[in-house]
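Close look at the chain arrangement
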Amino acid sequence: MQNRKDLRAGIAISTAILVLFFGGCPTTTGDKENAEAKAAAPFIVSQPGDYQPTIGEEIFLAVEGTVSDGGSLSYQWYKATGVGVTGNEIPEATDAWYKPPTNTVGTNYYYAEVSNSNNETRTSTRSRYATVFVLDPTEAGVPSSGFNISVDTSEAAKHQFVRGFGGMINAWGQPCPDLTINDADTLFNPDKLGLNILRMIIYPEPLEDIMNGMVYTSIDNSDIFDIGRLVNKYGGMIIGCPWTPPDGYKLTNGHLDPNHYLDMGNHLVSWVKKMEAGMGGDNKIFAISSQNEPDDNATWCIYTPEENLAFVKQVFPAIHREIPHVKLFPGEYTSFDSSLYMPIVNDTEALAQVDGFAGHFYGGQIGERKEWAIDAGKEVWMTEHLRNTNANKSYDPTWAAVWDFAADFHTVMINDYNAYVMWYAKRFYGLIGDSEQGVTNQRNGEPQLRGYFMSHYSKYAAGKYRYDANWVGADWTSTASEPGNIRATAYADDETIALVLFNNSTAAASEDTWVNIRLPQAVKTSFAVATYNKDGPAPTNSAIAESTARMEPVPVIMSADMRTASVKLNPSTILSVKFYK
C-alpha cells in the first residue's frame, strides 16, 4: 500500500479488525448485464481502526484492499454522524489512508469505499466504521488510586483461544420469535452488535420441506439461506444441532436405535450439504453436534454416555470423510456434567474423532474448568443457557438482569471456555427484543442491554487468546484481592491487547471508581467504549433508554511511557479498552 512507509512510527495502523469479522457490503454499479463481466468485489485485507487522539494529535486511518480479477483499485473516504449512517464524501480523500482533523473535541465516524474498476464496470466494498474520539486531557478527570490490574502476555500466562459469542435463532415454534434478515444484521454486523456465532436447529424433516413451509414450525424458515450467507459474510460461524431424529429412527423408550446410527449420520451430513449449497459460494457450516441435551427428554432423543460413545465411534469417521471441514461435537448434555463425557474421553479412538465438547449450564458444574477436554487439546463450548423469569418478564431486559448474565461470561472465560452461546438471540430476555405482549423495557428488533453486554466480549475478546490479568497492590508487584463488584479479563493478538471490565454494583458511588492497568509493553495508542446510564448508576429496574450509552467512547488516560492506562469504571458499567501495540 502506498504511503504506508510515510506514516509516523508512533501512529498505529490497525490490522486488528480483519475481514474475519467484516468483509464489507459490496454494491455494484455499471451498464453491463452479464454478471461474469462485472468487476469483482474488492476484498478488504486491513480495516481502519478506532482511535482516541488528544487535541491536535496527528493520526491516520488506513484501509487495504485487494482484487482477484486484475482490476484497478480506488478509494474514497466518507464522514458520518454515527455508525451505520450514510456519510458525506470527503473531497480529495482518495488515498488508501486518511488523516482526519483532530482540532476539535468530540466523536466522529469515518469509513472508506474500496472500488474495483474492470470490464467497464465498478464494484465497491465499504470498510467498517472507524470511530475517532478526540479527547481534551483536562476534561478526562484525574485518576485516583483506585484498583490496579497487571496484564501478563507471556507464553506462561496464555490461556484459551476465544472463538466467539452468539445465540440461537430458530427452534420448533412458539414462543420462538421469527428472526428476520434485518434482525440478523443487527446481531452479526460488526458495526452493530458484532456477534459471530449462530446456533441453528437441525430439524428431523428434510431442509427443503422446512424452508418451503411443508412442515409447520410457526416461524418463517424460508430465509435461512439468506441469514446464513449474512453471518458468513460478516465472518461468523454457523453451528447446527438436532433435537430429534427423523421418524422411525428412535426406539419406543426414546433412545436412538443403533440400527439407525449411520442413517442419523447421513441426515446430519445431508443438512450440512444442503445448507452450504443453498448459501452458495464459499459459505460454510462451522460445526455440528450429534444431539441437543441427550440426557433430558425422551420426546426428543436420549443417549446414555455409552450410547454417545458408540455413536461417535461408529458415525463420526464417516461424517469426517464426507464433510472434513466441519467440526464435530458429541451430544450437548444439559448440565455439562463431566462424568457424562468420560466414556469418550477415556477412549482414544473416540477422542480422536471429536473436535470439541459442548454443553449447557442448567445446573451442576457451571464453574468447573474442563481439564479433561483442555488437556486433550479439545475446545470447550457453552452452547446454551436461558436466564429468564416467567413471573416478571419485564425484569429480564433490565440492568439488574444483566449482571446474572455477566456472571456466566466471566465464569466461562476464567475457566478457559472457547465460546459462549445463549438461548434465543431474539427474545425479551435475549440480545434483541421481540414482540412479546405485556413486556415493558424492551423494543422489538432492537438491541437490549444483554445484547450490548455480549457485544463487548464479541468485539474485544473474540479472535484473541486470553491472558492473565492479576489484581495487584499499589507497588504493582504485591497481590491484591479481587474487588467486590469489579471483574476483568484480558485478551491479546499480534496487534492489540484488550480488556473487558464490568462493575456490577447498582449503588451510587461516593467517589469515582478508577481501574489502573499496567501493560506488559509500551503501546502506541488506546481506545475504549462503555455501556452505562448517563444519569448515574442505573437502578435495578431500569432498562435501555435514551439516557443509556450503547457503545460510547470513553477516555483512557495513558502514562507518559505508554505502559499504564487508567479508566473510570463506575457502578452499573460495562467497559472495554483496546491498546494498539
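Definitions and cut-offs
- Residue positions within a chain follow its written sequence, with the count starting from 1.
- For this predicted model, a pLDDT threshold of at least 70 governs which residues receive local features, and a threshold of 80 or more governs which side-chain atom pairs are given and counted, while totals over whole chains, interfaces and linings are taken from all residues.
- Each side-chain value is derived from all of the structure's non-hydrogen atoms; neither hydrogens nor water enter the calculation.
- Each axis is a line fitted through C-alpha atoms, taken for helices only over the stretch in contact, and angles between the N-to-C directions span 0 to 180 degrees.
- A run of DSSP states H or I qualifies as a helix once it reaches four residues; a run of E qualifies as a strand once it reaches two. Both are numbered from the N-terminal end.
- Orientation categories follow fixed angle ranges, with anything under 35 degrees roughly parallel, anything over 145 roughly antiparallel, 65 to 115 roughly perpendicular, and all other angles oblique.
- Residues count as neighbours in contact if any of their non-hydrogen atoms are within 4.5 Å of one another.
- Nonpolar residues are Ala, Val, Leu, Ile, Met, Phe, Trp, Tyr, Cys and Pro. Charged residues are Asp, Glu, Lys and Arg, and all others, Gly as well, are polar.
- In what follows, a disulfide is any cysteine sulfur pair within 2.5 Å.
- Whether a residue is buried, partly exposed or exposed follows from its accessible area with a 1.4 Å probe, protein chains only, as a fraction of its type maximum: under 20%, in between, or over 50%, in that order.
- Centres within 6.5 Å make a pair out of two Phe, Tyr or Trp rings, where for Trp the six-membered ring is used; the pair is then stacked when the planes are under 30 degrees apart, edge-to-face when over 60, and tilted otherwise.
- Two thresholds decide whether a charge sits over a ring: the Lys NZ or Arg CZ must be within 6 Å of the ring centre and within 35 degrees of the ring normal.

**Notes on the packing of helix α3 (residues 224-233) against helix α4 (residues 261-279)**
The description of two packed helices rests on the angle between their axes and on the distance between the axes. The geometry of α3 relative to α4 is characterised by a closest axis approach of 9 Å and an angle of 80 degrees between their N-to-C directions. Comparing the axis directions of α3 and α4 gives the class roughly perpendicular. Packed against α3, whose contacting residues are Ile-224, Phe-225, Gly-228, Arg-229 and Asn-232, the element α4 presents Lys-274, Met-275, Gly-278 and Met-279 at the interface. Grouping the amino acids of the contact of α3 with α4 by side-chain chemistry returns four nonpolar, three polar and two charged.

**With respect to the state of the cysteines**
Summed over the entire model, instances satisfying the criterion amount to zero disulfides. With no disulfide of its own, Cys-241 lies 11 Å from the sulfur of Cys-301, the closest cysteine sulfur. Look at Cys-241 and you get buried, because its relative accessible area is 0%.

**A word on the packing of aromatic side chains**
Under the defined criterion, the tally for this structure stands at 36 aromatic pairs. Note on Trp-243 and Trp-423: the rings are 6.2 Å apart at their centroids and 35 degrees apart in plane angle, and the pair reads as tilted. Pair noted here: Trp-243 is in the loop between β15 (237-242) and α4 and Trp-423 is in strand β20 (residues 419-424), with a separation of 180 residues, a long-range link. For the residue pair Trp-243 and Trp-423, the accessibility class agrees, reading buried in each case. On the numbers, 5.4 Å between centres and 45 degrees between planes, the contact of Phe-336 with Tyr-341 is tilted. Given the relative accessible area of 0%, Phe-336 is considered buried. In this structure Tyr-341 comes out as buried when scored by relative accessible area, which is 0%. Clustering of aromatic rings is evident, with ring pairs tying together Phe-165, Trp-399, Trp-403, Phe-405, Phe-409, Tyr-420, Phe-453, Tyr-457 and Phe-502. Lying over the aromatic face of Tyr-465, Lys-158 brings its terminal NZ or CZ to 4.0 Å of the ring centre. In this structure, Arg-518 packs its charged tip against the face of Trp-476, placed 4.4 Å from the ring centre.

As far as function goes, none of this settles anything; it's purely spatial.
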